[in-house]
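Coordinate analysis (summary)
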Amino acid sequence: GLLTVPLTLEKNNAEKAKDMFRPQWAVAAAHRGLTEFAESSVPAMLAALSQAEARAQQFRRLEVVLVDDRFLVDQQEEAALVEQVRRALDARAFLLYAQPIVPNDIQEWARWQSGKPVVSKFEVLVRMADANGQVMSPAAFIPAAMRAGLMAQLDLVVVEQTFAWLAGHPYALDQIKGCAVNLSGPTVGDSRTVEFVRGLFGRYPVPPGILIFEITESMAVT
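Starting from 1, residues in each chain are numbered consecutively following that chain's sequence as written. Totals for whole chains, interfaces and linings use every residue, but because this is a predicted model, local features are given only for residues with pLDDT of at least 70 and side-chain atom pairs only at 80 or more, for both listing and counting. Hydrogens are left out, water is left out, and the side-chain values use all remaining heavy atoms of the structure.

1. Overview of the nonpolar core
Here is the rule: In plain words, nonpolar cores are sets of buried Ala, Val, Leu, Ile, Met, Phe, Trp, Tyr and Cys residues tied together by side-chain atoms within 4.5 Å. Exposure categories follow from relative accessible area, calculated using a 1.4 Å probe and restricted to protein chains: below 20% of the type maximum is buried, above 50% is exposed, and the middle band is partly exposed. Numbering of helices and strands runs from the N terminus, with a helix taken as a DSSP run of H or I at least four residues long and a strand as a DSSP run of E at least two residues long. Here a residue-residue contact requires only that any non-hydrogen atoms of the pair lie within 4.5 Å.
By size, the foremost hydrophobic cluster in this structure holds 32 residues, and its most contacted members are Val85, Phe94, Met128, Phe141, Leu154 and Leu166. The biggest single contributor to this core is helix α5 (residues 151–168), with seven residues. Other than its neighbours up to four places away in sequence, leucine 166 contacts Leu173, Ile176, Cys179, Val206, Ile210 and Leu211.

2. Structural notes on the environment of alanine 47
Topologically, alanine 47 is positioned in helix α1 (residues 41–59). It is 8.1 Å that separates the C-alpha atoms of alanine 47 and glutamine 75, two residues lying 28 residues apart in sequence. Setting aside chain neighbours within four positions, we find alanine 47 in contact with Phe71 and Gln75.

3. Some words on the pattern of salt bridges
Oppositely charged side chains are able to pair whenever their charged atoms sit close together. Condition: Take a side-chain nitrogen of Lys or Arg and a carboxyl oxygen of Asp or Glu: if they are within 4 Å of each other, that pair is a salt bridge.
Counted under the stated rule, the structure contains six salt bridges. Close ionic contact of arginine 147 with glutamate 78 constitutes a salt bridge, the shortest N to O distance being 2.5 Å. Of the two residues, arginine 147 is situated in helix α4 (residues 138–147) and glutamate 78 in helix α2 (residues 69–91); the sequence distance between them amounts to 69 residues. On the basis of relative accessibility, which here comes to 43%, the residue arginine 147 falls in the partly exposed class.

4. Side note on α4
Stated precisely, the cut-off is as follows: This arc describes the spread of directions from the helix axis toward the C-beta atoms.
For α4, the set of buried residues is Phe141, Ala144 and Ala145. The arc that holds the buried residues of α4, viewed along the axis, is 100 degrees, so those residues lie on one side. Summarising the contacts, the buried residues of α4 are in contact with α2, β5 (121–129), β6 (135–136) and α5. Immediately beyond the C-terminal end of α4, within one or two residues, lies glycine 149, with a positive phi of roughly 75 degrees.

5. Overview of helix α8 (residues 193–203)
For an α-helix the count is 3.6 residues per turn, leaving residues at separations of three or four pointing the same way. If you check which residues of α8 are buried, you get Thr193, Val197 and Leu200. All buried residues of α8 project into a common sector of 50 degrees when viewed along the axis, lining one side. In α8, the exposed positions angled more than 90 degrees off the buried face are occupied by Val194, Arg198 and Gly202. The inward-facing, buried residues of α8 abut α5, α7 (185–188) and β8 (211–215).

6. Regarding the packing of aromatic side chains
Operational definition: Put simply, two rings from Phe, Tyr or Trp (the six-membered ring, in Trp's case) pair if the centres are within 6.5 Å, and we call them stacked under 30 degrees between planes, edge-to-face over 60, tilted for the rest.
Here the structure, examined in full by the defined rule, presents three aromatic pairs. Centroid distance phenylalanine 163 to phenylalanine 201: 4.9 Å. Interplanar angle 75 degrees. Geometry classified as edge-to-face. Here phenylalanine 163 is found in helix α5, whereas its partner phenylalanine 201 is found in helix α8, with 38 residues between them in sequence. By relative accessible area, phenylalanine 163 is classed as buried at 0%.

7. Describing the packing of α5 against α8
When two helices pack together, their arrangement is given by the angle between the helix axes and the distance between those axes. Our working rule: Note on geometry: axes are lines fitted to C-alpha atoms, helical ones only across the stretch in contact, with angles between N-to-C directions running from 0 to 180 degrees. Any angle between 65 and 115 degrees counts as roughly perpendicular, while under 35 counts as roughly parallel, over 145 as roughly antiparallel, and the rest as oblique. Here is the rule for handedness: rotate from the far helix to the near one, and if that takes an anticlockwise turn smaller than a right angle the crossing is left-handed, while a clockwise turn gives right-handed.
Where α5 contacts α8, the two axes come as close as 10 Å, and the packing angle between them is 15 degrees. Between α5 and α8, the angle falls in the class roughly parallel. The element α5 and its partner α8 pack so that their crossing is right-handed. Contact residues: α5 offers Leu156, Val159, Glu160 and Phe163, while α8 offers Thr193, Phe196, Leu200, Phe201 and Arg203.

Here it is in structure tokens:
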């Protein structure tokens, strides 16, 4: 079976006067000889098409996703992973790490080696615990969250958890000059983001001047 759809004819804003369009195509293909789960073919093809669409939008090219047994197993595993993300969102249970931002020079490295680093800026990194309590890399769950449309919600929960931690550790606030949090494309493009962050400043005594919001490179390019 073959399922294909033209996604969009997106006008390039910089070339409106020239009426430039960029077609994007996504294709999902299933071969009955490659899968034993015949009853899952249609849902699987729709899921494959969704993946192909996302890739086509990102890379501006034709994308083909093949539906076979491996794909179906991956879909089941991803569904379970997305459910873990949803639970972490509801419980505000993501694990946050503070990565120091320091000058890349010999003197600063020597201070770190001496065990006396002086750090005033950090970047917040997000992790998640699996069912066994093991810490998962963002590479393990962020792509699934993105495909499930949960990135804006995930980003804002991370921001909220960051506000809560900072507010609960006033001694740290006296030392921190910058706290950077990453925002993905869906979050930057969500009209509710500004009001949400504004509300957090109303709930938590966090100085606005220390918060830094970083957008991903792919979003900046787009």
